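# Per-entry structural report
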Amino acid sequence: MRCHFVHAADIHLGYEQYNLAKRANDFARAYLAMVQYAVEHEVDFVLVAGDLFHRANADAWTLKQATAGLSMLRDAGIPVVTIEGNHDVQHYRKNLSWLEYLCDQELLILLNVQVESNGLKRLVPFDPGERRGSYVDLAGVRIYGIKYYGAMLPRVLVDVGPDLLPGPEGYTVLMLHTGLEGQVPHMHGGLSHGQIQPLHPPVDYLALGHVHKRLYNEYDWVFNPGSLETNSFEEIEWPHGFFDVTVNTAIEPKHVVQEIATPGLRPFRRISVSAEGCVSLEEFVGRAQDRIASARGVPEEAVLELHLGGVAEFRRQDVPLEQLKGALEVRFSPLTVRVKSALIPPGIVNASRDRSMSRAELERSVVEQLVFQHAEYRDRAAAWAKLIVEVKNMAVERDLPASIADHIGSTLSRLVAPDKDETVTQEPSPDGDPSPALEEP
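In this report, we go over the structure that sits alongside the text. Fair warning: this is a prediction, and the values are worked out from it, not measured in the lab.

Cut-offs used in this document
Residues numbered from 1 in each chain as written. Predicted model: local features only at pLDDT ≥ 70, side-chain atom pairs only at ≥ 80, totals over all residues. Heavy atoms only, no water. Helix = DSSP H or I, 4+ residues; strand = E, 2+ residues; numbered from the N terminus. Pairing = 2+ DSSP bridges. Axes fitted to C-alpha atoms, helices over the stretch in contact; angles between N-to-C directions. Salt bridge = Lys/Arg side-chain N within 4 Å of Asp/Glu carboxyl O. Buried < 20%, exposed > 50% of the residue type's maximum accessible area, 1.4 Å probe, protein only. Contact = heavy atoms within 4.5 Å. Parallel < 35°, antiparallel > 145°, perpendicular 65-115°, else oblique. Left-handed = near helix turned anticlockwise from the far one by under 90°. Nonpolar A, V, L, I, M, F, W, Y, C, P; charged D, E, K, R; others polar.

## Considerations on unusual backbone geometry
- His200 connects to Pro201 through a cis peptide bond whose omega is -15°.
- Relative to the helices and strands, Pro201 resides in the loop between α5 (193-196) and β10 (205-209).
- Cis geometry marks the peptide bond from Glu252 to Pro253; its omega dihedral reads -5°.
- Of note, the phi angle at His210 is positive, near 90°, even though the residue is not glycine.
- Along the polypeptide, His210 turns up in the loop between β10 and β11 (215-218).

## Points about the sheet that holds strand β16 (residues 303-311)
- With parallel pairing, the 3 strands of this open sheet are ordered in space as β15-β16-β17. Since the sheet does not close on itself, it has two edges, and those belong to β15 (268-274) and β17 (336-344), each with one partner. The average undirected angle you get between the axes of adjacent strands in this sheet is 15°.
- The sheet contact formed by β15 and β16 spans 7 bridges and is parallel. Residue Phe268 lies in a different strand from β16, and its bridge partner there is Val303.

## Observations concerning the pattern of salt bridges
- Going through the model one piece at a time under the given rule, you end up with 15 salt bridges.
- Note that Glu116 and Arg122 form a salt bridge whose closest N and O atoms lie 3.6 Å from each other.
- According to the relative accessible area criterion, Arg122 is partly exposed, its value standing at 30%.
- Within the structure, one salt-bridge network assembled from shared partners comprises Lys22, Arg23, Asp26, Arg29, Glu229, Arg266 and Glu301.

## Here we look at the sheet that holds strand β4 (residues 109-110)
- Taken together, the 6 strands give an open sheet; going across it, the order is β4-β3-β2-β1-β13-β14, and neighbouring strands pair in mixed fashion. Whereas interior strands pair on both sides, the edge strands pair on one side only; in this sheet they are β4 and β14 (255-261).
- The pairing of strand β1 (residues 2-8) with strand β2 (residues 45-48) spans 4 bridges and is classified as parallel. Residue pairing across strands places Ala8 opposite Val48, the latter belonging to β2.
- Its contacts with the sheet place helix α1 (residues 21-40) against β1, β2, β13 (241-248) and β14, and it is angled at close to 175° to β1.

## Focus on the packing of helix α6 (residues 281-294) against helix α7 (residues 321-332)
- The N-to-C vectors of α6 and α7 enclose an angle of 15°; their axes lie 10 Å apart at closest approach. Accordingly, the angle class assigned to the pair α6 and α7 is roughly parallel. Considering how the two elements wind past one another, α6 and α7 form a crossing that is right-handed. Only Gln323, Leu324, Ala327, Leu328, Arg331 and Phe332 of α7 make contact with α6, whose side of the interface consists of Val285, Ala288, Gln289, Ile292, Ala293 and Ser294.
- Classifying every residue of the contact of α6 with α7 by side-chain character gives 8 nonpolar, 3 polar and 1 charged.

Here is the structure:
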């Protein structure tokens, strides 16, 4: 059996990054470039492993962008199979999600586990009439899909494990919206090696999304293409694009995966200024101005960040941020300038000034020092700081509130009563979704 497909994820249509309409257009262009590639290369189907939209309550213009691409693929006879990511999930289940709507319009196939009246989760074939189901067979490939469940995903995988069977023609794909442990340092969550290993076999290709950092050929069967566009300055060193996958079950390995870069990405540039060694505000501002004047390689219409870091021997609030921002705008004509001040006062971080600290290490160290100031938490300051940073990161990544609560509960049970084995968990509601969550403001 031979087939050819595209694996994309984390498209984030409608993301008006930095409140700029041009950035929303950039995300749409990246999406349409992927669509055009699939059409030109006559693939058998396209996989979208979650987060087609940036917000579950996407506006009409964003829906129009999504429909335009999906219509191009439908007209070319290319099915699109997708799952709901954490940005797609409609928190209030009385509402129809946009992905469910697009599935009902036969523009895509939306997959997820089905929950029976007794609460049992099952993997069932996709019903073209009802437009609901957990797996579909296309071009000889059996494709399973499970939406974003956050911290509850391992339990879901155990529940549906007996239903996860090989495809009839020898090739099986499973789509999940999750990461792997260690995929991004200091990032909370993700499936462990022990949690994914029981999936292989029957799964030949585990198609992941959610984490925007590319995961290529992990264990020879686990793949995440990363996001199509740059979603933050933390991603500027990561490749962005999708995978072109060719399958031939007559040979080993059964698949060949090609990395395809998103064409024409808007450039992101960072200019960093350290306060180390500056004894006055005037000296630091002079250093920043010199750094701006000597900077090179910043194209017009780039997204530009001025990053201020190090230990400040002066009042951080006195730094003339708008003045420095204006100097960058005049010199480079960027699309936008972001000023990121990570200046810290003396005595907060107990680290050698000879060692450069990453942003994550600095954040963790500052939080730990703040926790240490409270006597009742001092003996386990490092553990409390770890929890605080993890919860912050989960909120930034728009994890479901039920998943955040589940993580806090299980961690607190170890922090407050470390000798007990019980963990505080939150079960899914009867319809299979986490407890209703507040909509993003």
